[in-house]
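Breakdown of the fold
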Protein chains: 4
Amino acid sequence: MIEFRIDRHSGVSTYLQIAAQVKQAMRMGLLGPGDKLPTAREVVEATRVNPNTVLKAYRELEHEGLVEGRRGMGTFVTASLATDAARADAPLRQDLEQWMDRAVDEGLSADEVDAIYTDVRSTHY
Amino acid sequence: MIEFRIDRHSGVSTYLQIAAQVKQAMRMGLLGPGDKLPTAREVVEATRVNPNTVLKAYRELEHEGLVEGRRGMGTFVTASLATDAARADAPLRQDLEQWMDRAVDEGLSADEVDAIYTDVRSTHY
Amino acid sequence: MIEFRIDRHSGVSTYLQIAAQVKQAMRMGLLGPGDKLPTAREVVEATRVNPNTVLKAYRELEHEGLVEGRRGMGTFVTASLATDAARADAPLRQDLEQWMDRAVDEGLSADEVDAIYTDVRSTHY
Amino acid sequence: MIEFRIDRHSGVSTYLQIAAQVKQAMRMGLLGPGDKLPTAREVVEATRVNPNTVLKAYRELEHEGLVEGRRGMGTFVTASLATDAARADAPLRQDLEQWMDRAVDEGLSADEVDAIYTDVRSTHY
DNA sequence: GTGGTCTAGACCACA
DNA sequence: GTGGTCTAGACCACA
């Protein structure tokens with residue numbers, strides 16, 4: 001079952017963080033068609049977020065055609081965002097793992113790694 | 001002179017986007033101690049953001065000890081975040097460039113690359 | 001509940017006055033961890049200050065790690081600045097009370113007392 | 001000759017800080033009728049403040065009838081704010097010196113001493 | 001001209 | 001209802 005991590009100081013609203021994490025899990029293949037999202041109550045217990053906020057995130061995902069709420073049953077994933085490239089054994093992914101290993105070895109902070117990634121990305125996309 | 005790119009649909013508030021872009025430029029070594037940030041007026045002309053929003057971003061940076069506002073003169077960078085690892089000719093950075101080249105060649109979308117990066121990063125930091 | 005007294009002729013900006021008074025109350029032990037600050041709305045009613053100015057003061061305090069704003073709930077003290085030396089029954093404090101009694105008896109004005117205090121303080125800190 | 005100490009982070013405008021320090025010196029008897037204030041040029045050299053700011057402070061003091069600008073000669077004190085109570089050998093002052101000695105001995109910070117002073121003062125004036 | 005503060009008012013996120 | 005952000009516009013301090 002997916003667990004949400006809310007960063008209240010990130011500047012991104014809570015409901016968007018929840019929606020983004022669902023999509024991220026879908027891209028990673030951790031969530032696929034038919035899978036059930038945690039109920040608002042479960043999320044509230046785990047994250048101390050207001051149930052309305054969870055429901056707003058799920059409504060957002062439903063609006064994008066990714067999930068479907070079924071009365072009295074819960075919210076279910078209806079689409080797939082998984083790609084081969086994201087699979088754990090995909091060569092491209094494994095190479096990035098190695099690159100990140102080296103970054104850690106060389107003592108780079110998360111901020112520095114993000115800065116380099118952001119900059120390199122901006123020249124490619 | 002640094003130019004800000006505001007994405008009004010990112011879910012991140014404008015002032016945080018401005019502050020983050022200044023920090024990113026500082027990490028890349030594009031902005032260093034003594035450099036002048038664009039005036040609120042200049043940013044307004046370029047981005048159609050309200051001057052107060054720019055000043056809020058600059059005050060945020062001043063709080064973090066990165067810049068200093070001087071009345072009647074402008075806002076100036078007072079610290080350095082530049083690291084060797086971020087330099088264009090750093091091996092680690094060049095390797096990430098190559099990795100990103102391959103991702104583009106294999107037809108991955110920006111979203112997919114971000115998803116892989118986010119996931120790999122979360123296992124290292 | 002703390003009540004703010006704004007002196008518009010002091011030359012100190014309103015938001016700094018509010019922040020300083022919160023800190024003063026925290027040092028005196030009148031406000032401690034878990035205590036709720038008045039809402040922006042309440043302060044507006046009591047002082048005729050703009051709500052944004054109150055929020056700016058609270059954000060300043062949040063920056064300093066002294067309070068925490070919780071959406072929809074209010075702003076709460078998260079730290080303690082109280083010291084034994086400031087307690088009403090602390091010997092040092094009681095001696096200053098007696099000193100001040102004598103200053104009043106001898107007919108010194110508030111300005112004169114402040115002048116002496118400022119001068120003596122400058123030779124000790 | 002009086003030397004000004006400008007604290008750019010105090011929230012009090014520079015010209016008010018200068019005016020206040022002149023008045024403080026007058027109360028302490030360090031400046032009396034006939035004494036000459038430093039020229040704007042001298043203050044600029046010592047404090048890196050703009051000459052207009054110094055002149056504004058002096059104009060403020062002239063407005064209060066405390067000093068007088070004489071064309072081509074400088075600015076001179078024309079009044080006395082000195083009081084016996086502020087003299088270095090005044091008993092009341094000496095007692096405050098002793099009190100402050102003890103505060104320092106007991107390890108109180110400047111902030112804590114200020115907090116106690118502010119609170120005690122508020123009950124007497 | 002440039003930053004700093006304040007106001008009034010709007011809209012949003014969250015409880 | 002409560003805080004967070006943004007806008008438009010005013011006025012001030014400072015250079």
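Residues numbered from 1 in each chain as written. Chains lettered and ligands numbered in written order. Predicted model: local features only at pLDDT ≥ 70, side-chain atom pairs only at ≥ 80, totals over all residues. Heavy atoms only, no water.

Naming follows an unreviewed UniProt entry, where chain A appears as GntR family transcriptional regulator of Lentzea indica.

**Considerations on the protein's contact with DNA strand F**
What counts is decided by this rule: We call a residue near a molecule or strand as soon as one heavy atom of that residue lies within 4 Å of the molecule or strand. Two N or O atoms form a polar contact when they lie within 3.5 Å of each other; inside protein one atom must be a possible hydrogen donor and the other a possible acceptor, and for residues adjacent in sequence the pair counts only when both atoms belong to side chains. For the purposes of this entry, the term helix denotes a DSSP run of H or I that reaches at least four residues, the term strand denotes a run of E that reaches at least two, and both are numbered from the N terminus. When residues are grouped by polarity, Ala, Val, Leu, Ile, Met, Phe, Trp, Tyr, Cys and Pro land in nonpolar, Asp, Glu, Lys and Arg in charged, and all others, Gly among them, in polar.
The local shell around DNA strand F holds 31 residues, among which B:Thr14, B:Asn52, B:Thr53, D:Thr14 and D:Asn50 are the closest. In this structure, B:Tyr15 approaches DNA strand F through a side-chain N or O atom, which is 3.1 Å from a phosphate oxygen. Counting only elements with at least two residues in the surface near DNA strand F, the list comes to helix H1 (14-27) and helix H3 (51-63) of chain B, helix H2 (40-47), helix H3 (51-63) and strand S2 (74-77) of chain C together with helix H1 (14-27) and helix H3 (51-63) of chain D. Residues belonging to the surface near DNA strand F are distributed by class as follows: seven nonpolar, 15 polar and nine charged.

**A short note on the protein's contact with DNA strand E**
The environment of DNA strand E is made up of 31 residues, and the closest members are A:Thr14, A:Asn50, C:Thr14, C:Asn52 and C:Thr53. Protein-adjacent atoms of DNA strand E, using a 4 Å cutoff, are sugar or phosphate at a proportion of 75%. C:Asn50 places a main-chain nitrogen or oxygen 3.1 Å from a phosphate oxygen of DNA strand E. The contact in question runs from a phosphate oxygen of DNA strand E to an N or O atom on the side chain of C:Thr53, over 2.7 Å.

**Some details on the UniProt feature "domain: HTH gntR-type" (unreviewed entry) in chain A**
Keep this limit in mind: UniProt positions are given in the numbering used here, feature names are shortened, and annotations may be inferred rather than shown by experiment.
Mapped onto the present numbering, the UniProt feature "domain: HTH gntR-type" (unreviewed entry) falls on residues 12-80 of chain A. The span residues 12-80 of chain A is 51% helical and 12% strand by assignment, and the distance between its end C-alpha atoms comes to 25 Å.

**A word on the relation of the copies chain B and chain C**
Rule in force here: All copies are superposed by least squares; the fitting set is the C-alpha atoms of residues with a pLDDT of at least 70 in both. Should any heavy atoms of two residues lie within 4.5 Å, those residues are considered in contact.
Of the transformation superimposing chain B on chain C, the axial component is 0.0 Å and the angular component is 180°, with the fit at an RMSD of 0.0 Å. This pairing of chains is accounted for by a two-fold axis. For chain B, the minimum C-alpha distance to the rotation axis belongs to B:His63 and amounts to 4.0 Å. Both copies contact each other with a shared surface, as 100% of the interface residues of chain B are interface residues in chain C too.

**Quick word on the packing of aromatic side chains**
Put simply, the rule reads: Pairs were defined over the aromatic rings of Phe, Tyr and Trp, the Trp ring being its six-membered one, requiring ring centres within 6.5 Å. Orientation was assigned from the angle between planes: stacked under 30 degrees, edge-to-face over 60, tilted for the rest. Each residue's exposure class comes from its accessible area (1.4 Å probe, protein chains only) as a fraction of the maximum for that residue type: buried when under 20%, exposed when over 50%, partly exposed otherwise. Note on geometry: a ring has a charge over it if NZ (lysine) or CZ (arginine) is within 6 Å of the ring centre and within 35 degrees of the ring normal.
Tallied over the entire structure, the rule returns two aromatic pairs over all chains. Residues A:Tyr117 and B:Tyr117 carry aromatic rings whose centres are separated by 3.7 Å and whose planes lie at 5° to one another, so their mutual orientation is stacked. With one member in each of two chains, A:Tyr117 in helix H5 (residues 110-122) and B:Tyr117 in helix H5 (residues 110-124) form a pair that bridges those chains. Accessibility expressed as a relative area gives 4% for B:Tyr117, which makes it buried. Directly above the aromatic system of B:Tyr15 lies the positively charged group of B:Lys56, at a separation of 4.5 Å from the ring centroid.

**Focus: the relation of the copies chain A and chain B**
Of the two same-sequence chains, chain A is brought onto chain B (RMSD 0.2 Å, axial shift 0.0 Å) by a rotation of 179°. Looking at the interface residues of chain A, 98% of them are also at the interface in chain B, so both copies use one shared face.

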